[in-house]
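What follows is each chain in one-letter form.
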Amino acid sequence: MEGFFLSSSNVTSMTVYSYSRLETFRSCPLKYKFTYIDRIKRPFDSVEAFMGSRVHAVLEKLYADLKHQKLNTLQELHGDFEARWRREWHDNIIIRKKDYTADNYFEMGRKCISDFYERYYPFNQASTLGIERGVKFSLDPEELYRMVGYIDRLDQRLDGTYEIHDYKCSGSCPEQPHFDKDRQLALYQIALGQVFTDVKDVELVWHYLVFDKEFRSRRTSDQLESLKTDMIELIKMIEATEEFEPNESALCEWCDYPDLCPRQKHFFAVGQLPVNEYLNEPGVVLVDKLTKLEEKKKTFKAEIEEEIAKIKDALIKFAESEGIDVVRGSAKKAKVKIEEVDKYPVSGTKERKLLEELIELAGCLSDVSSFDLKKLAKVVESGSWDPGLVSQVKEFAVKEIKPLVTLSKLTEKDLLLEEEIKD
Ligand code: SF4
């Protein structure tokens, strides 16, 4: 049993992956680089993380004391929570949601503890084998791909079933399919199977404390094998990566590196300026100029197109009245022709689908589908084609440096980031 657990100080000598390390790469390779390669530490904490850690600590105390035959009252646990909160609160805690205060989060954490206490009192559902303990395990028999993790609570029921418990203080509550696909606790199940010889039944248990909800799920051995393969593939991908690209997503809101990330850095810098200086900031000036010119171009184009349509109409009328089909100008001539063209249904419509089915059935679809180069570049980069075909196709490609500037509207999220920085 002791060999199964490790202290965090043991995890130093080789690349040992954790679930959160792998998930960070999956969500944003650049954030992965900042966190695990450059090891850039940030002094601040989000209030949600601060609250979650204090709730975890109180539940850890609850089960540690139970092991010593001490059953805390709810009041004692609330007292412990409050003492930790006051003692550990610091000035670098960020409250992103402006509608809420630190007190709201404190009460939220307190309620998590009350609900948990009332739901599981007197905490005799199973015997607790470990609390907030580290686990190490391998994804392959050769132990080339090694991982570590921390189980919030490991229990064993009277019928021998192991339970891997995880506490979450998240403000959103997923549905059952999320738990049936969850990788973190399934990885800990792999760890369990490598240490104990009596592991037959394992249940994965999540406590969504803010919602007073418990979720359970199980994994088959086939699912665990396929998870090992997926994780090994991901590790291989990480180790082969040279360019760690940013990947913008809803998770950027929680990222600690907006001042370093090329996608957020300018927002971060501008957010620190007062409005009068911000409008003169060189980047802001350039984007504003480009925006004005693009708008002007749009208006101009619309006006010109309207004028062209009017002139074409007048030319048709003139040619008709003169009984001619070519009209001479000083440098050019205009050919006037009225013809009837067949217009086919646009893609995405029911009629278009039927039309394509009809042509396909006749075996003629390849006669009318065109070779789309943009689509080709996308498919080649997506990794869905055989690597041999990709390298053959890439031999046809010529590298071209193409500067690309696209304007898009500032989103609420962008403005929120600046607000936070100003605050
Ligand atoms: S801000 Fe977003 S894109 Fe940039 S490093 Fe962080 S998670 Fe990645």
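Residues numbered from 1 in each chain as written. Predicted model: local features only at pLDDT ≥ 70, side-chain atom pairs only at ≥ 80, totals over all residues. Heavy atoms only, no water.

**Focus: the site of the ligand**
Turning to step 1, where the next piece is worked out: The immediate surroundings of the ligand are formed by C28, K31, P246, N247, E248, C252, C255, C261 and Q264.
Turning to step 2, where the next piece is worked out: Class assignment for the residues of the shell around the ligand results in five nonpolar, two polar and two charged. (Near = heavy atom within 4 Å. Nonpolar A, V, L, I, M, F, W, Y, C, P; charged D, E, K, R; others polar.)

**Some points on the pattern of salt bridges**
Where charged atoms from two side chains of opposite charge approach closely, those side chains can pair.
Turning to step 1, where the next piece is worked out: Summed over the entire model, instances satisfying the criterion amount to 28 salt bridges.
Turning to step 2, where the next piece is worked out: A salt bridge links R157 to E203, with the nearest nitrogen and oxygen atoms 2.7 Å apart. In this pair, R157 is assigned in the loop between β6 (146-156) and β7 (162-168) and E203 in strand β8 (residues 202-208), connecting sequence segments 46 residues apart.
Turning to step 3, where the next piece is worked out: Residue class for R157 comes out partly exposed when judged on its relative accessible area of 22%.
Turning to step 4, where the next piece is worked out: Judged by relative accessible area, E203 falls into the buried class, the value being 13%.
Turning to step 5, where the next piece is worked out: Close ionic contact of K168 with D166 constitutes a salt bridge, the shortest N to O distance being 2.8 Å.
Turning to step 6, where the next piece is worked out: Look at D166 and you get buried, because its relative accessible area is 4%.
Turning to step 7, where the next piece is worked out: The network of salt bridges with common partners includes R157, D159, E163, D201, E203, E214, R216 and R218. (Salt bridge = Lys/Arg side-chain N within 4 Å of Asp/Glu carboxyl O. Helix = DSSP H or I, 4+ residues; strand = E, 2+ residues; numbered from the N terminus. Buried < 20%, exposed > 50% of the residue type's maximum accessible area, 1.4 Å probe, protein only.)

**With respect to the environment of K310**
Turning to step 1, where the next piece is worked out: Tracing the chain through its elements places K310 in helix α11 (residues 282-322).
Turning to step 2, where the next piece is worked out: In this structure K310 comes out as exposed when scored by relative accessible area, which is 52%.
Turning to step 3, where the next piece is worked out: Spatially, the C-alpha atom of K310 lies 41 Å from that of L279, the residues being 31 residues apart in sequence.

**A closer look at the side chain of D152**
Turning to step 1, where the next piece is worked out: Assignment of secondary structure puts D152 in strand β6.
Turning to step 2, where the next piece is worked out: Buried D152, no salt bridge; nearest opposite-charge side chain is K168, N-O distance 6.4 Å.
Turning to step 3, where the next piece is worked out: Within the local environment of D152, its side chain forms a polar contact with the side chain of H56, the two groups lying 3.2 Å apart.
Turning to step 4, where the next piece is worked out: In this view, D152 contacts H56, G130, I131, E132, H165, D166 and Y167; residues no more than four positions away in its chain are not counted. (Lys, Arg positive; Asp, Glu negative; His and termini not counted. Polar contact = N/O pair within 3.5 Å; in protein donor to acceptor, adjacent residues only side chain to side chain. Contact = heavy atoms within 4.5 Å.)

**Observations concerning the nonpolar core**
Within soluble globular proteins, side chains that are nonpolar tend to cluster in buried spots.
Turning to step 1, where the next piece is worked out: L22, F137, L139, I164, L187 and Y188 are the most contacted members of the largest nonpolar core, which totals 37 residues.
Turning to step 2, where the next piece is worked out: Elements represented by at least two residues in this core include exactly α1 (19-27), α2 (29-37), β5 (127-138), β6, β7, α7 (184-195), β8 and α8 (221-240).
Turning to step 3, where the next piece is worked out: Dropping the residues within four chain positions of it, F137 is found in contact with Y145, R146, M147, V148, L187, Y188, I190, A191 and Q194.
Turning to step 4, where the next piece is worked out: Ranked by size, the runner-up nonpolar core spans 26 residues in total, among them F81, W85, F116 and Y120. (Core = buried A, V, L, I, M, F, W, Y, C linked by side-chain atoms within 4.5 Å.)

**Considering the packing of aromatic side chains**
Turning to step 1, where the next piece is worked out: Applying the stated criterion to the full structure yields 25 aromatic pairs.
Turning to step 2, where the next piece is worked out: Ring geometry for F116 versus Y167: centroids 5.7 Å apart, planes at 90°, classification edge-to-face. Here the residue F116 occupies a position in helix α5 (residues 102-120), and Y167 occupies one in strand β7, the gap between them amounting to 51 residues.
Turning to step 3, where the next piece is worked out: Of the residues examined, F116 reaches a relative accessible area of 3% and is grouped as buried.
Turning to step 4, where the next piece is worked out: Centre to centre, the rings of Y208 and F215 are 5.9 Å apart; their planes meet at 85°, and the pair counts as edge-to-face. Exposure class is identical for Y208 and F215. Each is buried.
Turning to step 5, where the next piece is worked out: Each residue in the set Y63, F116, Y117, Y120, Y121, F123 and Y167 is aromatic and connected to the rest through ring pairs, giving one cluster.
Turning to step 6, where the next piece is worked out: Above the plane of the ring of Y63 lies R153, whose end atom (NZ or CZ) is 4.2 Å from the centre. (Phe/Tyr/Trp six-rings, centres within 6.5 Å; stacked < 30°, edge-to-face > 60°. Lys NZ or Arg CZ within 6 Å of the ring centre and 35° of its normal.)

**Brief notes about the pairing of β6**
In the case of a regular strand, side chains alternate between the two sheet surfaces.
Turning to step 1, where the next piece is worked out: Of all 11 residues in β6, nine are buried; the element is thus mostly enclosed.
Turning to step 2, where the next piece is worked out: Bridge count for strand β2 (residues 17-18) against β6 is two bridges, and the pairing is parallel. If you follow S18 over to β6, its bridge partner there is V148.
Turning to step 3, where the next piece is worked out: Of the pairings in the sheet, the one linking β5 to β6 comprises 10 bridges and is antiparallel in character. (Pairing = 2+ DSSP bridges.)

**Quick look at the packing of α7 against α8**
Each pair of packed helices can be summarised by the angle the axes make with each other and by the distance between the axes.
Turning to step 1, where the next piece is worked out: Contact geometry for α7 and α8: axes closest at 10 Å, N-to-C directions at 105°. Classified by the angle between their axes, α7 and α8 sit roughly perpendicular to one another. On the side of α7, the interface is formed by A186, L187, Q189 and I190, while α8 contributes L224, L227, K228 and M231.
Turning to step 2, where the next piece is worked out: Class assignment for the residues of the contact of α7 with α8 results in six nonpolar, one polar and one charged. (Axes fitted to C-alpha atoms, helices over the stretch in contact; angles between N-to-C directions. Parallel < 35°, antiparallel > 145°, perpendicular 65-115°, else oblique.)

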